[in-house]
Amino acid sequence: MSKRIPDTAAWRPATKLVRGATRRSGFGETSEAMFITSGYVYDDAETAEARFKGEAEGFVYSRFGNPTVAMFEERLALIEGAEACRGTASGMAAVTAAMLSLVKAGDHVLASRALFGSCNYVLTVLLPRFGVQSTLIDGTDLKAWERELRPNTRAVFLETPSNPTLDIIDLEAVTTLAHKVGARVVVDNVFASPLLQRPLALGADIVVYSATKHIDGQGRCLGGAILGSKKYVTEELTPLLRNTGPSMSPFNGWVLLKALETLSLRVNQMCGNARTIAARLSDRPGIGRVLYPHLESHPQYALARRQMSAGGSVITLDLSGGKPAVFRFLNRLRLFDISNNLGDAKSLATHPATTTHQRLSDAERAELGITNGMVRLSIGLEDVEDLSDDLAQALKV
Ligand SMILES: *Cc1c(COP(=O)(O)O)cnc(C)c1O
């Protein structure tokens, strides 16, 4: 343990990302240690008893907690401005656990329709099996939120910006409406990352992440996180996690902890590259629409500026020539990889209609505004001129 106790809370974000929640072992290592252990030993039987009773500090089993994972959780909580955080094996483990922690049979869940595919499954297939009803609405329509919230709505779930149309949902307005019926608001903050948008400060109750995306950002491992109040995490979430076991592995926890050190550098650079590319593509022929939250042409530009400190790393294009134009474009890319991941150091491009949103019917895709000409670009860390050149040659008619 360090002898100096710094005033962590007063640190600015970049400092928190590098040093927050570091706990050194007796060896005084510079870099945070990776505790690859499933269990822990006790000096005596009394200590074991006290730890199991929760009367003594310390770890008991890595399904419940692990020192490396704990450093990741505490550092992410510092950045998010949350009282508490729990790491999970993947983003979907985080979403599933957060939802299961809030509802029981007879409850209702209201969610925005523009959801990551597996989140859609959890809400519309899994929860109803256990007697929890769910309704999906257009998240940008505040009247729809007002109309569909019910006295038994216990949880609201939404993603903003959404995938792949980059719709922006007014977090403050939706939260105010949800709280009137006593529902808690869960925000999937993956597209914005913890650095661009602060759902808890805008009133949301719980934030979930796929740490696989910007937080790792280097394509190495899966991970997830759930953040909220200390009371929620201790009393409602932790019992569920302890007893069902969607734990983050200590190795992944270590990779993600070290990745936080460079998160602001990476996200800032990606956002700068994305803004430049979005602006350049805006007046190119052959592109019906360029969707990017901080471009003035975005339908919710004012809200995006108010709610997000930068526009993010994802740009969605709608090519006038439909699927053939997209396939031709994707197959001509030399630098961008064709991949459905996002938030990575490497720039990636995907055709949502035939990949991430393939399982939806034509009507469902139409309802979400996903056209056959849409292509989603995740802008990485390469030189922006090389990325621009690659897009220009692939778009050339
Ligand atoms: C990737 C993603 C998830 C799921 O995360 P995994 O780490 O792949 O389980 C959930 N929500 C959004 C918005 C995502 O992009």
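Here the structure is shown first, and the text comes after it.
For clarity, every value in this text was computed on a predicted model and none was experimentally measured.

A.B. asks: Is there a simple way to explain the sheet that holds strand 7 (residues 224-228) in this structure?
C.D. replies: Strands pair in a sheet through their backbones, by hydrogen bonds, and they do so in one of two ways: parallel or antiparallel. With respect to topology, seven strands assemble into an open sheet ordered 1-7-6-5-4-2-3, the strand pairing being mixed. Either end of the sheet is taken by a strand with one partner, and the two such strands are strand 1 (84-88) and strand 3 (133-137). Shown here is a sheet whose adjacent strand axes are inclined to one another by a mean of 20 degrees, direction ignored. Here strand 2 (residues 108-112) pairs with strand 4 (residues 153-159) via four bridges, running parallel. Note on strand 4: the bridge partner recorded for A111 is F157. Helix 10 (residues 230-244) rests against strand 1, strand 5 (184-188), strand 6 (206-210) and strand 7 of the sheet, and its axis sits at about 25 degrees to strand 1.

A.B. asks: How should helix 12 (residues 263-282) be read in this particular structure?
C.D. replies: Within an α-helix, residues lying three or four positions from one another point in the same direction, as the helix has 3.6 residues per turn. Compared with the 28 Å implied by 1.5 Å per residue over 20 residues, the 28 Å span of helix 12 between its first and last C-alpha is a close match. Listed in full, the buried residues belonging to helix 12 are L263, S264, R266, V267, M270, C271, N273, A274, I277, A278 and L281.

A.B. asks: Help me out: how do you make sense of the pairing of strand 5 in this one?
C.D. replies: Two faces, one strand: in a regular strand the side chains alternate between the faces of the sheet. Counting buried positions along strand 5 gives four out of five residues, so the element sits mostly inside the fold. Pairing of strand 4 with strand 5 involves five bridges; the strand directions are parallel. In the sheet register, F157 faces strand 5, and the bridge partner there is V186. Crossover connection from strand 4 via helix 7 (residues 171-180) to parallel strand 5: handedness right-handed. Where strand 5 and strand 6 come together, three bridges link them in parallel fashion.

A.B. asks: Hey, could you run me through a nonpolar patch on the surface in this one?
C.D. replies: A surface patch of nonpolar side chains, about 290 Å² in accessible area, is lined by M34, I36 and F251. Looking at where F251 falls in the secondary structure, it is placed in helix 11 (residues 250-260).

A.B. asks: What is the right way to look at the pairing of strand 6 in this model?
C.D. replies: Of all five residues in strand 6, five are buried; the element is thus mostly enclosed. Both strand 6 and strand 7 contribute to a ladder of four bridges, which runs antiparallel. Counterpart to V207 in the pairing with strand 7 is L227.

A.B. asks: Explain the site of the ligand here, please?
C.D. replies: The environment of the ligand is formed by S90, G91, M92, F116, E159, D188, V190, S210, T212, K213 and G223. Note that an oxygen atom of the ligand is positioned 2.9 Å from one of the backbone N or O atoms of M92. The contact in question runs from an oxygen atom of the ligand to an N or O atom on the side chain of T212, over 2.6 Å. Here the ligand, which alone exposes 380 Å², has 92% of that area covered by the protein. Residue assignment for the shell around the ligand shows that the elements contributing at least two residues are helix 4 (91-102) and helix 9 (212-216). Taken together, the residues that form the shell around the ligand break down as three nonpolar, five polar and three charged.

A.B. asks: I'm lost on the sheet that holds strand 12 (residues 374-378) in this one. Help?
C.D. replies: Sheet architecture is open: five strands sit in the order 8-9-12-11-10, paired in mixed fashion. With one partner strand each, in any of the chains shown, strand 8 (287-291) and strand 10 (337-338) form the two edges of the open sheet.

A.B. asks: Explanation requested: the packing of helix 14 (residues 322-332) against helix 16 (residues 384-395) in the structure shown.
C.D. replies: Where helix 14 meets helix 16, the axes come as close as 8 Å, and the angle between the chain directions of the two elements is 135 degrees. When the axis of helix 14 is compared with that of helix 16, the two are oblique. The interaxial crossing formed by helix 14 with helix 16 has right-handed handedness. Facing helix 14, whose interface residues are R328, F329 and R332, helix 16 presents L391, Q393, A394 and L395. Of the residues in the contact of helix 14 with helix 16, the class split is four nonpolar, one polar and two charged.

A.B. asks: So what exactly am I meant to see when it comes to the nonpolar core here?
C.D. replies: Of all hydrophobic cores here, the largest spans 32 residues; its most connected members are F72, L76, I215 and L227. Where this core is concerned, the elements lending two or more residues are helix 3 (67-80), strand 6, strand 7, helix 11, helix 12 and helix 13 (301-307). The element best represented in this core is helix 3, accounting for six residues. Both domain 1 (8-260) and domain 2 (263-395) contribute no fewer than three residues apiece to this core. Setting aside chain neighbours within four positions, we find L76 in contact with C85, P194, Y209, I215, A225, L227 and L260.

A.B. asks: Please clarify how unusual backbone geometry should be interpreted in this entry.
C.D. replies: A negative phi angle characterises most non-glycine residues, just as the trans form characterises most peptide bonds. P161 follows T160 through a cis peptide bond whose omega is -10 degrees. Secondary-structure assignment places P161 in the loop between strand 4 and helix 7. Residue P164 is reached from N163 by a cis peptide bond, and omega for that bond is -5 degrees. If you trace the backbone, P164 turns up in the loop between strand 4 and helix 7. The residue L166 is not glycine, and still its phi comes out positive at about 60 degrees. Its place among the elements puts L166 in the loop between strand 4 and helix 7. The phi angle at S193 is positive, at roughly 70 degrees, despite the residue not being glycine.

A.B. asks: What is the right way to read the packing of aromatic side chains from this model?
C.D. replies: Two aromatic rings, taken as a pair, are described by how far apart their centres are and by the angle between their planes. Inspection of the entire model under this criterion finds two aromatic pairs. Measuring from ring centre to ring centre gives 5.9 Å for Y61 and F64, while their planes differ by 80 degrees; the resulting arrangement is edge-to-face.

A.B. asks: Help me understand the side chain of N252 in this model?
C.D. replies: You can see N252 is positioned in helix 11. Leave out the neighbours within four places in its chain, and N252 touches C221 and L222.

Procedures and definitions
- Residues numbered from 1 in each chain as written.
- Predicted model: local features only at pLDDT ≥ 70, side-chain atom pairs only at ≥ 80, totals over all residues.
- Heavy atoms only, no water.
- Pairing = 2+ DSSP bridges.
- Helix = DSSP H or I, 4+ residues; strand = E, 2+ residues; numbered from the N terminus.
- Axes fitted to C-alpha atoms, helices over the stretch in contact; angles between N-to-C directions.
- Contact = heavy atoms within 4.5 Å.
- Expected span 1.5 Å × (residues − 1).
- Buried < 20%, exposed > 50% of the residue type's maximum accessible area, 1.4 Å probe, protein only.
- Right-handed = clockwise from strand over helix to strand, strands pointing away.
- Patch = residues over 30% accessible without salt bridge, like charges linked within 9 Å, V, L, I, M, F, W, Y side chains within 5 Å.
- Areas by Shrake-Rupley, 256 points an atom, 1.4 Å probe, with all protein chains shown as cover.
- Salt bridge = Lys/Arg side-chain N within 4 Å of Asp/Glu carboxyl O.
- Near = heavy atom within 4 Å.
- Polar contact = N/O pair within 3.5 Å; in protein donor to acceptor, adjacent residues only side chain to side chain.
- Nonpolar A, V, L, I, M, F, W, Y, C, P; charged D, E, K, R; others polar.
- Parallel < 35°, antiparallel > 145°, perpendicular 65-115°, else oblique.
- Left-handed = near helix turned anticlockwise from the far one by under 90°.
- Core = buried A, V, L, I, M, F, W, Y, C linked by side-chain atoms within 4.5 Å.
- Domains from an automatic or database assignment.
- Phe/Tyr/Trp six-rings, centres within 6.5 Å; stacked < 30°, edge-to-face > 60°.

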